[in-house]
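# Descriptive structure summary
Residues per chain are reported as follows:
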Amino acid sequence: MPSNTPGPSGPAAVLCGLAGWVPPRVVTNAELAERLDTDDTWIRTRTGIRRRHIAGPGQATSDLAVEAGRRALRSAGTETADTVIVATTTPDRPCPATAPLVATRLGLAGAAAFDVGAVCTGFVYGLATAAGLIAAGVAERVLLIGADTYSTIVDPLDRANAIIFGDGAGAVVLRAGNPDEPGAVGHFDLGSDGAHEDLITVAAGGSRRRATGGQPADAERHFAMRGKEVYRHAVTRMAASARTALSGAGWTTGDLDHFVPHQANLRILHSVADDLGLSRDRCVTNVDARGNTGAASIPLALADAMAADRIRPGDRLLLTAFGGGLTWGSCFLTWPERTLNPQPERITP
């Protein structure tokens, strides 16, 4: 999909609120090593992850989404939004969507609410969707939440995947504004390749497996990923998407202050940065403490960076993501001049 941005006279989606939330329970590499054939050094060497947060008993994706959404609205200084979008791979139920429940629990009953399913690219797809609704005049203020509880779909005894994923939610508030003002999101590049849908899957639970009849095997109920092939596609697709978005914006890598990729694992993030010719210190990452949180990873990384005062007003950011489908996407924004939340709440309770 070609990169694009709203025209000079049309409204743009402007970032005005940001927050994240992760469940209290922390799972360290040492704890995983007690049940898996691995150790802390092996995990850190291959993924860069030291710990991750896992939802507790009875906690669902909507619970995490509500917490992040409430904080994002507070960050924006508002209690209202006319549209709620939840990007997730782990909805509370296959039917209905999770977003209407989240909207109601946030006191936004009556708002348009729907889910976006693009796996780990969901947040960038959600940004593009929100920008389109605002540009078309359908929405004035959008609450976009990326939320995932991968612990509910990953086999806890799967050595390859249990070490990677964590649970969490990140949210932004976007308002209608001018395309040239700080905080405006634009120059999107989105893409997909369904020929490789089998690289990242949960085989059971949808109409395809049900249509075959019989009971699915236990393995089909869990998340599966062909790691080596995913690694190659992730690096190639994210780097290519970032270049397309850069070209559409008329920017070069030298114009960027920060590169904010989906937090897949540290090796992928560094490989993409190297491919783009970006110094690794410009790569915003929190994967060491959060793990891969799916659609929540980019807003969580932004919230952590903001809380650490790493991102400053006027900084130019490139966001890029890759996920199952296959899907990928990139976009740009300049950090708002005013502080989104003068005293950011700690993400970890």
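Residues numbered from 1 in each chain as written. Predicted model: local features only at pLDDT ≥ 70, side-chain atom pairs only at ≥ 80, totals over all residues. Heavy atoms only, no water.

## Some words on the overall build of the chain
Keep this limit in mind: Helix and strand definitions follow DSSP, with helices as H or I runs of at least four residues and strands as E runs of at least two, each counted in order from the N terminus. The globule rule used for comparison is 2.2 Å times the number of residues to the exponent 0.38, while the radius of gyration itself is calculated over C-alpha atoms. In this scheme, a residue with accessible area under 20% of its type's maximum is buried, one over 50% is exposed, and one in between is partly exposed, where area comes from a 1.4 Å probe on protein chains only.
Along the chain, the regular secondary structure elements total 11 helices and 13 strands. In terms of C-alpha radius of gyration, the chain reaches 19 Å, essentially the compact-globule figure of 20 Å for 349 residues. Principal axes of the C-alpha set define a box for the chain whose edges measure 55 × 45 × 40 Å. Relative to its 349 residues, the chain shows a buried fraction of 53%.

## Digging into the pattern of salt bridges
What counts is decided by this rule: Each reported salt bridge corresponds to a side-chain nitrogen of Lys or Arg within 4 Å of a carboxyl oxygen of Asp or Glu.
Per the stated rule, a full pass over the model turns up 16 salt bridges. Measuring nitrogen to oxygen at the nearest pair gives 3.1 Å for the salt bridge that ties Asp288 to Arg50. Of this pair, Asp288 sits in helix α10 (residues 287–290) while Arg50 sits in the loop between α2 (40–47) and β3 (51–53); the two residues are 238 residues apart in sequence, bridging distant segments of the chain. A relative accessible area of 39% places Arg50 in the partly exposed class.

## Observations regarding the packing of aromatic side chains
Applicable threshold: Ring pairs are drawn from Phe, Tyr and Trp, using the six-membered ring of Trp, whenever the two centres fall within 6.5 Å, and their geometry is named by plane angle: stacked under 30 degrees, edge-to-face over 60, tilted for the rest. Placement of a charge over a ring requires the Lys NZ or Arg CZ to be within 6 Å of the ring centre, with the centre-to-atom vector within 35 degrees of the ring normal.
Per the stated rule, a full pass over the model turns up 4 aromatic pairs. Measuring from ring centre to ring centre gives 4.5 Å for Tyr150 and Phe165, while their planes differ by 15 degrees; the resulting arrangement is stacked. Residue Tyr150 is located in the loop between β6 (141–149) and α6 (159–162), and its partner Phe165 is located in the loop between α6 and β7 (167–177); the two are separated by 15 residues in the primary sequence. Phe165 shares its class with Tyr150; the two are buried. Joined through ring pairs, the aromatic side chains of Tyr150, Phe165 and Phe223 make up one cluster. Here Arg159 stacks its cationic end above the ring of Trp42, 4.0 Å away from the centre of that ring.

## With respect to unusual backbone geometry
In this structure, Pro96 follows Cys95 across a cis peptide bond, with omega equal to 5 degrees. On the secondary structure map, Pro96 appears in the loop between β4 (83–87) and α4 (99–105).

## Focus on the environment of Tyr231
The condition is simple: Two residues qualify as a contact provided that any one of their heavy atoms is within 4.5 Å of a heavy atom in the partner residue. Polar contacts, as used here, are pairs of N or O atoms within 3.5 Å; protein pairs need one atom able to donate a hydrogen and one able to accept it. Residues neighboring in sequence count only if both atoms are side-chain atoms.
Assignment of secondary structure puts Tyr231 in helix α8 (residues 227–249). Each C-alpha atom, one on Tyr231 and one on Ser271, is 9.6 Å from the other, the two residues being 40 residues apart in sequence. Residues within four places of Tyr231 in sequence aside, it is in contact with Arg267, Ile268 and Ser271. Among the polar contacts made by the side chain of Tyr231, one reaches the side chain of Ser271 at a distance of 2.6 Å.

## A few points about the pairing of β7
Cut-off, in case you're wondering: Two strands pair if DSSP finds at least two bridges between them.
Most of β7 sits inside the fold, with 9 of its 11 residues counted as buried. Judged from the 9 bridges that link them, strand β1 (residues 12–21) and β7 form a sheet pairing that is antiparallel. When the sheet's bridge partners are listed, Gly20 is paired in β7 with Gly170. Here 9 bridges tie β6 to β7, and the two strands are oriented antiparallel to one another.

## Considering the side chain of Asn265
Here Asn265 lies in the loop between β11 (258–261) and α9 (266–276). Here Arg267 takes part through its backbone nitrogen, which lies 3.0 Å from a polar atom of the side chain of Asn265.

## Here we look at the state of the cysteines
As a reminder, the rule being used: Working definition: a disulfide is two cysteine sulfur atoms within 2.5 Å of each other.
All chains considered together, the criterion is met by 0 disulfides. With no disulfide partner, Cys120 has as its closest neighbouring cysteine sulfur the one in Cys283, 15 Å distant. Judged by relative accessible area, which is 10%, Cys120 ranks as buried.

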